[in-house]
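Listed here are the chains, written in short residue letters.
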Amino acid sequence: MQDKCSGGSLDPTGWRDLRRDGHRMLDDMFDHLETLRDQPVWRAPPASQVSAIREPLPRAPTELRDVHAQFMRSILPYSSGNAHPGFMGWVQGGGTPVGMLADMLAAGMNANVGGRDHMAIEVERQMTAWTRDLFGFPRTASGLFVTGTSAANFIGVLVARTRALGPPVRDRGLAAIGRHLTAYTSAAAHGCIARAMEMAGLGRDQLRLISVDGAHRIRLAALSQAIARDRASGLTPFLLIGTVGTVDVGAIDDLPALAGIAAAERLHFHIDGAFGALAMLAPELAPLLAGIERADSLAFDWHKWGQVPYDSAFLLVRDEVLHRQTFAADAAYLRRAERGLAGGDWWPCDYGPDLSRGFRALKTWFTLKTYGADAIGRVVANTVALAQRLAARVAAEPELELLGPVPLNIVCFGYRSADADRLNAEIVADLHEAGRVAPSLTTVGGRTAIRAAIVNHRTAAEDVDALVTSVLALGRAARVLQDA
Ligand SMILES: Cc1ncc(COP(=O)(O)O)c(C=O)c1O
């Protein structure tokens, strides 16, 4: 490649070969996406392919088409499978061809969306406007793209910390301020909340994990008691985190009640809506999220139910000033100008830890514009309908049992057996290796469960039925072996 580049630049002297290779790469990706259903959902990277990429730092150039051939041979066939219709593991979106194209355009622009006066910033602002309208936040609310909900929740915790202790905590640190902050969420909350407490220097032990009811929703009486107990001990409750779509079963906390408790106790009310928040796009599901508009901050992923390619998460903060006070800093090299490229009145680097930021907003904007938000809402509703179909099929099979409630798109179930925990773990590993469907494992009520999280727009009834048929076949085969 290098001998074909112009001067010191990495651009080619003639673009014809590059165009030809680029079109070929695009066609190969379209072929890949078009034939996804015919491919295995997952196959283990073979040692031969792993060793093929273990080479010394390539000092000399390689033809682009040869590097691409290696990608087609060694990398693409061994992906994590979440684009495939049979993928039901964890909670991961499928991506779309439109999102892929938009990501290519963003890479071509190579915009750094940390600040300054350019159009990528305006696209991110427009996305913020759409997002706050969708969730009923005020026009003054601020928003920011980040990598994932783990990062968005972390920023939410920092904003809440500023609210409790004031901006001086940034200079003086927690020890000098000398207040002992405590936060509250349910035992079903995602582990990234505890990690956010750690990373904020507040300590995971200061996060009270409140017990949940049979529907996996935070127990309100236990929550109020925990807050009262901490106040009586001289501690400072500062943050309440509700979940819309718990990671294990998809439960939605009682948001109006949590908003009421947060207001009465003067706590920052943050919602982790990693995947569940986008139920807002489906008219038949949106009423389940009533109260979300009362949150002080909301974290969620466009890359899960929104089907935007990884990564594209979002944080909304009701109080823009508080959000800004948590991150904005003066630095000569980031001085704002009255005019010119260093102008602009909204710089994302004032609202989060990142200064270098990619153009995540573009693939999200393209997805919403091209498909329309209603189509994404129909995908969300369809995945919930598929989960209900799966739950009904499990309930109808005497050899299977449901292991948790199914409020949204996640079904936890198992094959009945005296040795069920081990057997169901084996079944999931066998399913992965067979390559037709890929659920994941979790623990619900102390029991190992096969967890099907139906998120991908490509997943259809035939995939859900294949899951049931395959689990039954593997369970029966294990029983025959045991009896033999
Ligand atoms: C409820 C919940 N919160 C947080 C997360 C973490 O999100 P991310 O993987 O985007 O960091 C997840 C991931 O599935 C989740 O389900």
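Shown above is the structure to which this text applies.
The sections below set out a description of the structure shown in this document. As a convention, each chain's residues are numbered from 1 in the sequence order in which they are written. At least 70 in pLDDT is required for a residue's local features to be given in this predicted model, at least 80 for side-chain atom pairs to be given and counted, and no such filter applies to totals for whole chains, interfaces and linings, which use all residues. Side-chain descriptors were evaluated using all non-hydrogen atoms of the structure, hydrogens and water having been removed beforehand.

## Examining the overall build of the chain
Scanning the chain for helices and strands turns up 15 helices and 12 strands. Radius of gyration (C-alpha) of the chain: 25 Å, near the 23 Å computed for a compact globule of 484 residues. For the chain, the C-alpha atoms occupy an extent of roughly 75 × 60 × 45 Å along the three principal directions. The cut-offs for exposure are 20% and 50% of the maximum accessible area for each residue type, with area from a 1.4 Å probe on protein chains only; residues under the lower value are buried, those over the upper are exposed, and the others partly exposed. By the burial criterion, 50% of the 484 residues in the chain qualify as buried. Two residues qualify as a contact provided that any one of their heavy atoms is within 4.5 Å of a heavy atom in the partner residue. Counting only contacts in the chain whose residues sit at least 6 apart along the sequence, the fraction spanning at least 24 positions is 73%. We get accessible surface area from the Shrake-Rupley algorithm with a probe of 1.4 Å; when it comes to residues, only the shown protein chains can shield them. Counting every atom, the chain has about 21900 Å² of accessible surface; 54% of that belongs to carbon and sulfur. The chain carries 50 positive and 52 negative side-chain charges, and their two centres are separated by 4 Å. Segments assigned H or I by DSSP are reported as helices when at least four residues long, segments assigned E as strands when at least two residues long, and all are numbered from the N terminus. Computation of the radius of gyration draws on C-alpha atoms alone. For the globule rule, the value is 2.2 Å times the number of residues to the power 0.38. Counted charges follow a simple rule, with Lys and Arg positive, Asp and Glu negative, and His plus the chain ends left uncounted. The atom standing in for a charge is NZ when the residue is Lys, CZ when it is Arg, CG when it is Asp and CD when it is Glu.

## Re the sheet that holds strand 5 (residues 236–243)
Taken together, the 7 strands give an open sheet; going across it, the order is 2-8-7-6-5-3-4, and neighbouring strands pair in mixed fashion. If you trace the sheet from one side to the other, it starts and ends with strand 2 (142–146) and strand 4 (207–210), each paired once. Within the sheet, the average angular offset between the axes of one strand and its neighbour, ignoring direction, is 20°. The pairing of strand 3 (residues 181–186) with strand 4 spans 4 bridges and is parallel. Following the sheet pairing, threonine 185 is matched in strand 4 by leucine 209. Packing against the sheet, helix 6 (residues 149–165) makes contact with strand 2, strand 3, strand 5, strand 6 (268–272), strand 7 (297–301) and strand 8 (313–317), and its axis sits at approximately 180° to strand 6. Axes here mean lines fitted to C-alpha atoms, for a helix over just the part in contact, with angles spanning 0 to 180 degrees between N-to-C directions. Its contacts with the sheet put helix 9 (residues 220–232) on strand 3, strand 4 and strand 5, and the angle it makes with strand 3 is roughly 170°. Two strands pair under a simple rule: DSSP has to find at least two bridges between them.

## A look at the site of the ligand
Taken together, 13 residues lie around the ligand, and Thr149, Ser150, Asp272, Asp301 and Lys304 are the ones closest in. Polar contacts here mean pairs of N or O atoms no more than 3.5 Å apart (in protein, one a potential hydrogen donor and the other a potential acceptor; neighbouring residues in sequence count only if both atoms are side-chain atoms). Take threonine 149: an N or O atom from its main chain is 2.9 Å from an oxygen atom of the ligand. Here lysine 304 contributes a side-chain N or O atom positioned 3.1 Å from an oxygen atom of the ligand. When the free accessible area of the ligand is taken as 390 Å², the share hidden by the protein chains comes to 85%. Basically, the charged four are Asp, Glu, Lys and Arg, the nonpolar ten are Ala, Val, Leu, Ile, Met, Phe, Trp, Tyr, Cys and Pro, and anything else, Gly included, counts as polar. Its residues assigned to classes, the shell around the ligand shows 4 nonpolar, 6 polar and 3 charged. For each residue, the test is whether any non-hydrogen atom lies within 4 Å of the molecule or strand; if one does, the residue is near.

## A word on the sheet that holds strand 1 (residues 87–88)
Within a sheet, each strand pairs with its neighbour through backbone hydrogen bonds, oriented either parallel or antiparallel. Strand order in this open sheet of 5 strands is 1-11-12-10-9, and the pairing throughout is mixed. The open sheet has two edge strands with one neighbour each: strand 1 and strand 9 (400–402). Two strands pair when backbone bridges link them, and strand 10 (residues 410–415) and strand 12 (residues 447–453) are joined in this way by 4 bridges, in the antiparallel orientation. If you follow cysteine 412 over to strand 12, its bridge partner there is arginine 451. Those strands touched by helix 15 (residues 461–483) are strand 1, strand 9, strand 10, strand 11 (438–444) and strand 12, and its axis lies near 20° from that of strand 10.

## A short note on helix 10 (residues 255–265)
Buried within helix 10 we find Leu255, Leu258, Ala259, Ile261 and Ala262. End-on, the buried residues of helix 10 take up no more than an arc of 165°, which puts them together on one face. Among the exposed residues of helix 10, those pointing more than 90 degrees away from its buried face are Ala263 and Ala264. Those residues of helix 10 that are buried are in contact with helix 9, strand 5 and strand 6. Of the residues trailing helix 10, arginine 266 is marked for its positive phi of about 55°. Note that the arc is defined by the directions from the helix axis to the C-beta atoms.

## A look at the packing of aromatic side chains
Under the pairing criterion, centres of Phe, Tyr and Trp rings, with the six-membered ring standing for Trp, must be within 6.5 Å; the plane angle then separates stacked pairs below 30 degrees from edge-to-face pairs above 60, leaving the rest tilted. In total, this model carries 8 aromatic pairs according to the counting rule given. Aromatic pair tryptophan 346 and tyrosine 351: ring centres 6.0 Å apart, planes at 35°, arrangement tilted. For tryptophan 346, a relative accessible area of 10% puts it in the buried group. Using a relative accessible area of 3% as the deciding quantity, one classes tyrosine 351 as buried.

## Quick notes on unusual backbone geometry
Residue aspartate 311 follows tyrosine 310 across a cis peptide bond; omega there is -10°. With respect to the helices, strands and loops of the structure, aspartate 311 is situated in the loop between strand 7 and strand 8. Residue tryptophan 90 is not a glycine yet carries a positive backbone phi of 50°. Tracing the backbone shows tryptophan 90 in the loop between strand 1 and helix 4 (97–109).

## Re the side chain of threonine 162
Within the fold, threonine 162 resides in helix 6. Apart from residues no more than four positions distant in its own chain, threonine 162 is found in contact with Pro167, Leu322, Gln325 and Thr326.

## Points about the state of the cysteines
The disulfide definition used here is simple: a pair of cysteine sulfur atoms within 2.5 Å. Counted under the stated rule, the structure contains 0 disulfides. No disulfide involves cysteine 412; its sulfur sits 18 Å from that of cysteine 192, the nearest cysteine.

## Overview of the pairing of strand 7
A large share of strand 7 lies buried, amounting to 5 of its 5 residues. The alternating pattern of strand 7 places Ser297, Ala299 and Asp301 on one face and Leu298 and Phe300 on the opposite face, and all of these are buried. Where strand 7 lies against strand 8, 5 bridges are found, and the strand directions are antiparallel. Within the sheet, the bridge partner assigned to serine 297 lies in strand 8 and is valine 317.

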